[in-house]
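# Examination of the molecular architecture
Residue-level listing of the chains:
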Amino acid sequence: MANGQWYPPEWPDRIRALAEGGLTPVVPRRAATVMLLKDSDQAPLVHMLRRRTSMAFAAGAYAYPGGGVDPRDEQEIRWAGPPRAWWSARLRVEEATAQAIVCAAVRETYEEAGVLLAGPTEDTVVGDTTGDDWEADRAALVARDLSFAEFLDRRGLVLRSDLLGAWTRWITPEFEPRRYDTWFFVAALPEGQRTRNASTEADRTVWIRPAEAAAAYDKGELLMMPPTIATLRQLIPYGSSAEALAAAPGRDLTAVLAQASLVNGEIVLAWPGHDEFTKHIPTGGAPA
């Protein structure tokens, strides 16, 4: 491959089936992912994890902590930062859904990276979360034995929605068997906290400069899905995590959804606004 773009071999057949009416698109599941940043001398670093090669979806690809919305993320929850109505307008969804998406972003970051965007008050954040008692609660969240609202109540904490910045939104193509409607957020690593590989889906994690990760992708050294490399490139201009967070409110959250069409005997797969991912697929072969 010329670069590290993730491209499953079954895509051409699925695209053809969709075009011919033989494939019914799966309804995408709402999800959230967080680009966790920390500052360094030259540029902010972003926290990434590599999906295990045994995974059914995007095996070996680099991604950010994140996952699907839990229905219980809509439960009444201790909340700080912009009100739900503000998030509803920003994410262009109903208030309950907006809360669930933001809650999922914070919960999944804790489940997969051990970083918790919550504090005892609306203007504080918890410190070190690596103790055994914290780990027991994290494991209970992962197992869905504990909802995030129950976890915050038990700890006397409030979710700090003001520590998140909504960045972009991508929807998995209609021909994919697993589909997600994913909101991407940016956040800064809270002082006193540290990341760790807490995800059962990842075999390694790394803090890396966005420009360095993008260069490795371009060389074919790092495998990534289009939303991941696209957001990495978008982070490159910012000199600090604060700059990136300040830019978030002005970001366009119009959903990016791949489009497949048949042109002159070949399938053309394109992501609107992201020409670098366009693929030309001969009717009987691999992408060009």
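Further up the page is the structure itself.
Just so you know, these numbers come straight off a predicted model, no measurement behind them. The written sequence of each chain sets the order in which its residues are numbered from 1. At least 70 in pLDDT is required for a residue's local features to be given in this predicted model, at least 80 for side-chain atom pairs to be given and counted, and no such filter applies to totals for whole chains, interfaces and linings, which use all residues. Excluding hydrogens and water, the side-chain values take into account all heavy atoms of the structure.

## What to know about helix α1 (residues 11-19)
Residue burial is assigned from relative accessible area. The probe radius is 1.4 Å, only protein chains are included, and a residue is buried under 20% of its type maximum, exposed over 50%, and partly exposed in between. Helix and strand definitions follow DSSP, with helices as H or I runs of at least four residues and strands as E runs of at least two, each counted in order from the N terminus. Within the span of α1, buried status applies to Trp11, Pro12 and Ile15. Angularly, the buried residues of α1 cover 95° about the axis, an arc narrow enough to put them on a single face. Of the surrounding secondary structure, the elements contacted by the buried residues of α1 are β12 (259-263), β13 (266-271) and β14 (274-282). Trailing α1 by a residue or two, Gly21 shows a phi angle of about 85°, which is positive. The arc under discussion is defined with respect to the helix axis, by the directions toward the C-beta atoms. Residues are treated as being in contact if the distance between any of their heavy atoms lies within 4.5 Å.

## Regarding the side chain of Asp181
Summarising the element assignment, Asp181 is placed in strand β9 (residues 180-188). Here a polar contact means two N or O atoms within 3.5 Å. Within protein one must be a hydrogen donor candidate and the other an acceptor candidate, and residues neighboring in sequence count only if both atoms are side-chain atoms. At 2.6 Å, the side chain of Asp181 forms a polar contact with the side chain of Arg169. Discounting chain neighbours no more than four positions away, the residues touching Asp181 are Pro28, Arg29, Arg30, Ala31, Arg169, Trp170 and Ile171.

## Considerations on the packing of helix α6 (residues 210-218) against helix α7 (residues 226-235)
As a rule, the C-alpha atoms of each element are fitted with a line to give its axis, helices using only the stretch in contact, and angles between N-to-C directions run from 0 to 180 degrees. One way to put it is that α6 packs onto α7 with a least axis distance of 8 Å and a crossing angle of 140°. In terms of their interaxial angle, α6 and α7 are classed as oblique. The way α6 lies across α7 gives a crossing that is left-handed. Only Ile229, Leu232, Arg233 and Leu235 of α7 make contact with α6, whose side of the interface consists of Pro210, Ala213, Ala214, Tyr217 and Asp218. Classifying every residue of the contact of α6 with α7 gives seven nonpolar, no polar and two charged. Should an angle lie under 35 degrees it is considered roughly parallel, over 145 roughly antiparallel, and from 65 to 115 roughly perpendicular; all remaining angles are considered oblique. In this scheme the crossing of two helices becomes right-handed for a clockwise turn of the near helix relative to the far one and left-handed for an anticlockwise turn of less than a right angle. When residue character is reported, Ala, Val, Leu, Ile, Met, Phe, Trp, Tyr, Cys and Pro are called nonpolar, Asp, Glu, Lys and Arg charged, and the others, Gly included, polar.

## Things to note about the packing of aromatic side chains
Centres within 6.5 Å make a pair out of two Phe, Tyr or Trp rings, where for Trp the six-membered ring is used; the pair is then stacked when the planes are under 30 degrees apart, edge-to-face when over 60, and tilted otherwise. According to the stated counting rule, one finds ten aromatic pairs in the structure shown. Seen in terms of ring centroids, Phe148 and Phe151 are 5.5 Å apart; in terms of plane orientation they differ by 35°. Their pairing is tilted. Placement of the pair is Phe148 and Phe151 together in helix α5 (residues 148-155), with a separation of three residues, close to one helical turn. Across the pair, exposure class does not vary: Phe148 and Phe151 are buried alike. Relative to Phe277, the ring of Trp271 has its centre 6.0 Å away and its plane inclined at 75°; by these criteria the two rings are edge-to-face. The pair formed by Trp271 and Phe277 is uniform in burial state, with each residue classed as buried. For a lysine, the NZ atom is tested; for an arginine, the CZ atom; a charge sits over a ring if that atom is within 6 Å of the ring centre and within 35 degrees of the ring normal. Its guanidinium or amino end placed over the ring of Trp134, Arg155 lies 3.7 Å from that ring's centre, counting from NZ or CZ.

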